[in-house]
Amino acid sequence: DRAIEEAEELADREEELSKVKEELAAVNRLQELNEICSWNEQAEKYGWGDGVPQDYGEALKWYRKAADKGHAMAQLSLGALYETGQGVPQDHVEAARWVRKAADQGDAEAQASLGMMLANGGGVPKDEAKALEWYQKAALQGHSGSQFNLGVMYANGQGVAKDTVLASVWVKLAGFADEDAKR
């Protein structure tokens, strides 16, 4: 009987230890996420000159640090720096690569930007059908610019069969989204 009791106690301790390890891992992950977010915030300060001299090179350094850890907003911002050539030589292909990383994580602004790149062939081969897919992803999250762009694409039959009804629906949704944003 004593051996059974000791085995049960040991099993309980192991279960408690496992829970503590899980909680510690969760705390460590939250600390890491907090640090990554602070890197993005630091980048934004340098990018906008908020409390520090505006310095795109310094912004680039902090955005890259956060982007390399998977921070979607940092990835999108890094793509924008490459797109415009701020703090780095202009490189549309590298811009598209970073925007795609953010878009793949579900960031509506990044999905809209990738749709625009695909629609115009900026940094990626022009592909209106794929542009339409990315615009749809962003539009379904309420991104009014993507809703409007979908309306235009349906109206003109770009990347999709021409459909004036869907064109009208998307353009109206874009208008409603803009009105909601103004309130």
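Residues numbered from 1 in each chain as written. Predicted model: local features only at pLDDT ≥ 70, side-chain atom pairs only at ≥ 80, totals over all residues. Heavy atoms only, no water.

This paragraph deals with the overall build of the protein chain. From N to C terminus, the protein chain includes eight helices and zero strands. Start at the N end of the protein chain and walk to the C end: the helices and strands fall as α-α-α-α-α-α-α-α. Taken over the C-alpha trace, the protein chain has a radius of gyration of 23 Å; the compact-globule value for 183 residues is 16 Å, which it surpasses by more than 25%. For the protein chain, with 183 residues in total, the buried portion stands at 32%. A fraction of 40% describes how many contacts in the protein chain between residues 6 or more apart in sequence connect residues 24 or more apart. Surface accessibility of the protein chain: about 11100 Å² in total, with carbon and sulfur atoms responsible for 53%. Computed over 20 positive and 32 negative side-chain charges, the inter-centroid distance for the protein chain is 7 Å. (Helix = DSSP H or I, 4+ residues; strand = E, 2+ residues; numbered from the N terminus. Rg over C-alpha atoms; globule rule 2.2 N^0.38 Å. Buried < 20%, exposed > 50% of the residue type's maximum accessible area, 1.4 Å probe, protein only. Contact = heavy atoms within 4.5 Å. Areas by Shrake-Rupley, 256 points an atom, 1.4 Å probe, with all protein chains shown as cover. Lys, Arg positive; Asp, Glu negative; His and termini not counted. Charge placed at Lys NZ, Arg CZ, Asp CG, Glu CD.)

Attention shifts here to the nonpolar core. Ranked by size, the top nonpolar core spans 38 residues in total, and within it Tyr63, Leu78, Tyr82, Leu114 and Leu150 carry the most contacts. Elements with a contribution of two residues or more to this core: helix 1 (2–48), helix 2 (56–68), helix 3 (72–84), helix 4 (92–104), helix 5 (108–120), helix 6 (128–139), helix 7 (144–156) and helix 8 (164–182). (Core = buried A, V, L, I, M, F, W, Y, C linked by side-chain atoms within 4.5 Å.)

For the rest of this paragraph, the subject is the environment of Leu60. Tracing the sequence through the fold places Leu60 in helix 2. Sequence separation between Leu60 and Leu30 is 30 residues, and the spatial gap between their C-alpha atoms is 24 Å. In contact with Leu60, not counting residues within four places along its chain, are Leu78, Leu81, Tyr82, Gly87 and Val88.

A complete count under the given rule lists nine salt bridges for this structure. With a closest N to O distance of 3.9 Å, Glu9 and Arg13 form a salt bridge. With a gap of four residues between them, Glu9 and Arg13 both fall in helix 1, about one helical turn apart. We classify Glu9 as partly exposed; its relative accessible area is 37%. What you see here is one network of salt bridges that share partners, running through Arg2, Glu5 and Glu6. (Salt bridge = Lys/Arg side-chain N within 4 Å of Asp/Glu carboxyl O.)

With respect to the helices and strands, Gln147 occurs in helix 7. There is a polar contact of 3.4 Å between the side chain of Gln147 and the backbone nitrogen of Ala174. (Polar contact = N/O pair within 3.5 Å; in protein donor to acceptor, adjacent residues only side chain to side chain.)

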